[in-house]
Every structure is written in C-alpha cells, then in structure tokens.
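A closer look at the structure
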Amino acid sequence: MNDLISASTRFPNATFWAGGTYIMSRPDYYPTKDSNDIIYLAEVPELKRINRTDRFLEIGSMVTFEQLLTVGKQVLPGLLHTTLERSGTMIVRRQMTTGGAICTRDLRLSLPCSLLALQAEVETKTCLGPKTETKWLDMGRLYDRQGRLQLKRNEVVTRIRLGFERENFSYFISPTNPLANPHETVFLSFACFYNQAVINRFRLCVGFPTSLLLVPQELDMMMHGTLLPLSSSQIERVVRSVMEEVLASTEHEIPPIQLERARGFVESAMHELNAQSLSER
Amino acid sequence: MKIECTIDNKHLLLTVNSNKPLNLILMDELETAAMPSRCRDGHCGNCIVLLNEEAVLSCLIPAFRLKGSKVLTFEGYRKTRFWHDMERAYEDTGSHPCPHCYASKTLIFESLLQMIVKSEAGARHDEEPTTETIVREIGLNRCPCLDANEMLDIFRSAANYRRRRRVRRY
C-alpha cells in the first residue's frame, strides 16, 4: 500500500488501472491522448484479499468477479451472487474487478446498484502528498443522484464492506449490456428482509447507466411493517412512488424504453416477492 | 516500454506502448493471421487467445500485463498435441465452428477443457464446467453457427479424448 501511495504522489496524473475491461472497451481507447502513466492496482496485494470478520465481509477492490463467486453462496448475499454471475461470461469475469466496476467514470454498471441495495460501505484512500486520508463511506455517498462518481482524482477505493445480515428475498434484473446499450439498459436490485410475513427492510435501487442511480428513500419507511403478500393497490403505490422519484431525480429526458422497463421491473419484483412469501406458507 | 513475454512458444522482447491492446500487438508487431478482431471493444468475442492457459479477450489485455506471460494464439495452439483432441471431437460429432469464429471458439473449448484437467488434479470437482457454463462461455463469441446441443456434443467428445490422454500419461 505504501508503494501505491508513493506512486500516486510521484505521478499525480497517472490513471489508476484495475481490471481494465471498462477502460479498454471504450471506442476511443487506443491510441490515447492522455498521459500514458498507469498505476496498476493488481500489484498491491492488500487489494486482492477477501476477509471475513465477525460482523463484516470485506472485499478488496482488486478482487475479480470470478474470485468473489468462488467464495460461495453461503457467504455472499444472494443479490450480490446473482449480480456477479450475470455480469458476463467467466472469461470476462476473471478480469472485472469490484473496485473497477464501481469506479467507472462515465457509466454506471450493475454492481454499484446491488451494493447500494445491500447498504455496502467502501473504504477510500486519498493520497495528499506525504499524508494519506483513509475513510469508510456509505456506498450512496460515492455517487450523486444522477449516478456521477464523486471520487477525487487522487482518491482510490480500497475495500468494500458488507454486513452479514442476509435478505430473505432478492431480485436482480438487467437484460441488456450497459456498455453496448447504455440508453436502453435498466438495472433493478432489490433486497427485502421480512419476518413472519412482515416487512422489516425494503431496499430497492434503480439504475440507468448514463443518468440515474436511485435508492428511493421513503420506500423503506413506507413499506416497513407491511404484511405480505402485497395487494394490487400496494404494488401500484410502490411502482408509482418509484417512478415519481425517478422522474424527479433526473436532469435529462429519459428514453421511454428505460422508463417502461423500470416500471415493469419494479412491478415484476413485487410479484416475485409475493410469490415467494406465499410459497412459504 | 520493453516487455519480455512468450508468444506461441517464442521468447520475445517487445518495445510497445504500455497500454497497447494485445490484439493490436499481435496484428501489428507479429502479423498474426488468426486475429480477426472486429469490434475492438470486447463485444464480438473473436480475438480470444490463451494467456497463461486461460482464455482472454486480447482486445482487453494491455501490453504491461504481458510481462513474463505466455500467450498462445490459435496458430500456436494448432502446433500443440491438445489441438488433436479438438480436431477429433469436430470430426466425431460432424459439427464445427464456421471459418469466421473457428479460432476463437476452439480456444474457448480448450480453456474449458483445462478446467476439467484442473478439477481432476485437485480436490474440487465442482470446478468442472456445467452445461450452462459451456454454452455461456462459447456464446461469448456471438456467431450463431453452433447451437447449444452441438457445443455440448463437441465439448463432451473433446473431454473424453482429453481424459484418455491424461490416463495414458500415467
């Protein structure tokens, strides 16, 4: 880690390089006009560790998606496991890193959406000359409501932390590739905790790669204490609440296909939640 | 940047930009014929090579990652004994990829066969590729010339030859 800090101090304009799958998939990637200085984060061993403590699972930012999947369904939240599996083939997942996937500059991918739904935290290190500032942030503070990354140039994500509480129900859907179709792709990540058919926590995150990363704040309060299965009017209320917040949060006009998909996915998630709660009776 | 690596069993010292993609290195520096990369952004799946025995999209591998690595393109793979397992599998099943994606799909099959070898060598049998994994991995190359059943038949046939080869070694 000291080598990383000294390298970023000596080369303040260098690009932090994780797996490289996002950077190199840009159409104008090579030849580059920017500085060719690269700080390859895979050379830092601390960033490649997966650590399990009593309370948390800590994942280094250079852990690849494929490595994380080998940890297994017993340890990873179901929502995270599904998100990683659906992020591409094994060939690509061996190169995609957790840190790289949450720190893409221009587009949001599916992993941040699911980590937001799981209330993950991230550790960042900021290299300020001889000093280094380290802090843990709620995942939501890494982006604004339009999904724009708020990391400073000399700031790097080093670890991601998840609590061990496991959701009873999770739902992830993203049928298209955000790199190929950023203006048509929608991510929906949903984690619900319920006890004896009463909802305790209801976390939903909707993402559009170029314009939105939203966790509707009032939804959790609105649904807390609600009895499952949800009625048609309750489902309609959830969908309406989410869509109103989506429209209020975006700065630009959203393509109708994204709005329609978001609406459909939220409704579908509620029906799946009902189906599971009924099957447990 | 000077990079030492092995490409198709030839030890090379390349002088390239550190961020140059591997597929461009293979096309420009080595004039590799079997590198019909069309999209240059990881979507077509045609630029597969084996990097340290694992299939990778060469358009997503920067030059600096090649330091000390072994790269095997399809041209180099055809000179290995493992290629015969794939040849025989294609013959036995009567199915094979079309000329456009032949190299890429063959190397993906080889990468999956390596998983069998590793899973049988170690204790973890759950590393052996499942049906879903095989179809999904081969589907990384979007050419629709092979359907799912053909992919599975080819893989099973090649896997039998590969297992027999391992038994003969002992």
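A brief report on the enclosed structure follows. Small disclaimer: the values here were computed from a predicted structure and weren't measured.

Focus: the overall build of chain B
- Within chain B, the secondary structure is distributed over 6 helices and 5 strands.
- From first element to last, N terminus to C terminus, chain B shows the α and β order β-β-α-β-β-β-α-α-α-α-α.
- In chain B, buried positions account for 41% of the 170 residues.
- A sequence separation of at least 24 residues applies to 64% of the contacts in chain B between residues at least 6 apart.

Structural notes on helix H1 (residues 2-10) of chain A
Residues and elements named next belong to chain A.
- Every buried residue belonging to H1 is among Leu4, Ile5 and Ser8, and all of these are buried. Down the axis of H1, the buried set is contained in an arc of 95°. They therefore lie on one face. For H1, exposure combined with an orientation more than 90 degrees from the buried face picks out Asn2, Asp3, Ser6 and Arg10.
- Contacts from the buried residues of H1 go to strand S2 (38-40), strand S5 (121-128) and strand S6 (131-138).

Comments concerning the interface of chain A and chain B
- Every contact between the two is made by 17 residues of chain A and, on the other side, 21 residues of chain B.
- Of all the secondary structure elements, the ones that give two or more residues to the side of chain A that touches chain B are helix H2 (21-25), S2 and helix H5 (90-93) of chain A.
- Per-class residue counts for the side of chain A that touches chain B are 9 nonpolar, 7 polar and 1 charged.

Re unusual backbone geometry
Residues and elements named next belong to chain A.
- Across the junction of leucine 228 and proline 229, the peptide omega takes the value 0°, indicating a cis bond.
- Position of proline 229 among the secondary structure elements: in the loop between helix H8 (217-223) and helix H9 (232-249).
- With a phi angle near 50°, glutamine 196 is a residue other than glycine that sits in the positive phi range.
- Along the chain, the position of glutamine 196 falls in the loop between strand S9 (187-195) and strand S10 (198-208).

The rules behind each value
- Residues numbered from 1 in each chain as written.
- Chains lettered and ligands numbered in written order.
- Predicted model: local features only at pLDDT ≥ 70, side-chain atom pairs only at ≥ 80, totals over all residues.
- Helix = DSSP H or I, 4+ residues; strand = E, 2+ residues; numbered from the N terminus.
- Buried ≥ 20, exposed ≤ 12 C-beta atoms within 10 Å, placed from the backbone.
- Contact = placed C-beta atoms within 7 Å.
- Arc of directions from axis to C-beta.
- Nonpolar A, V, L, I, M, F, W, Y, C, P; charged D, E, K, R; others polar.

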